[in-house]
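# A closer look at the structure
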Amino acid sequence: TSIFTKLNAKSKKIRKETESAIKESGLNWTILRPTMIYGTPMDRNMIKLIRWIVKMPILPIFGNGKSLQQPINVKDVAWACVEIINNRDSYFKTFNISGKFANSFLEVVEIIEDILKKRLLKVYLPSKFFIFILQFFESININFPIKAEQIARLNENKDFSHELAKKTFGFEPIPFKKGIEKEINLYLKTRSKTIKSN
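Heads up: these notes are all about the structure in this document.

Rules and cut-offs
Residues numbered from 1 in each chain as written. Predicted model: local features only at pLDDT ≥ 70, side-chain atom pairs only at ≥ 80, totals over all residues. Heavy atoms only, no water. Helix = DSSP H or I, 4+ residues; strand = E, 2+ residues; numbered from the N terminus. Buried < 20%, exposed > 50% of the residue type's maximum accessible area, 1.4 Å probe, protein only. Areas by Shrake-Rupley, 256 points an atom, 1.4 Å probe, with all protein chains shown as cover. Expected span 1.5 Å × (residues − 1).

## Focus: the overall build of the protein
Scanning the protein for helices and strands turns up eight helices and eight strands. Considering only C-alpha atoms, the protein reaches an extent of 50 × 40 × 35 Å along its principal axes. Expressed as a percentage of the 198 residues in the protein, the buried residues total 39%. When the accessible surface of the protein is split by element, carbon and sulfur atoms take 58% of a total near 12300 Å².

## A few points about helix α4 (residues 105–116)
The terminal C-alpha atoms of α4 lie 17 Å apart, and with twelve residues this matches the ideal 16 Å at 1.5 Å per residue to within 8%. The buried count for α4 comes to nine of twelve residues, which makes it a mostly enclosed element. Buried residues of α4: F105, L106, V108, V109, I111, I112, E113, I115 and L116, and no others. Following α4 by one or two positions, K117 adopts a phi angle in the positive range, close to 55°.

Coordinates in, geometry out; function isn't part of it.
Encoded structure:
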């Protein structure tokens with residue numbers, strides 16, 4: 001669903017070109033557009049936030065933390081991929097697939113905090129100022145762990161209805177709290193084994 005971003009992201013152009021190529025291919029095509037995918041300690045998204053909350057006492061928040069997110073569990077993505085195979089009702093259609101409900105970034109943080117039984121001190125930082133600063137440094141090839149585009153994306157609403165997928169092939173994703181709890185437990189088990197082996 002990052003194809004809908006209002007930012008001038010490089011990946012947006014590539015995704016649009018790819019979708020056009022698929023639609024012009026002459027095949028019986030179906031396009032799935034997942035939101036942010038999470039679900040294992042190997043994901044590139046939620047696991048970074050989980051690690052931070054586990055290890056740190058303070059969480060910097062760029063902006064007000066109220067922008068919406070609707071992450072989708074990797075198992076729901078896999079289920080959708082299987083369901084559309086040879087499903088003629090899905091041919092020549094594009095489906096947004098998302099988590100069960102949308103949550104603000106702050107709500108996502110609080111859900112993870114509740115599961116971990118931990119509370120962080122939240123420090124609110126002006127997003128536009130830091131985007132400007134990071135863009136300047138990036139223009140002179142000085143990079144930081146967080147990029148200007150990441151902060152901008154964090155302050156963009158990323159909630160998407162999956163109603164068409166539900167009507168067409170019965171898509172019914174799990175709630176974020178249930179999915180992220182499994183990921184956290186997997187992460188903690190892996191972390192515990194790593195600490196013991198060291």
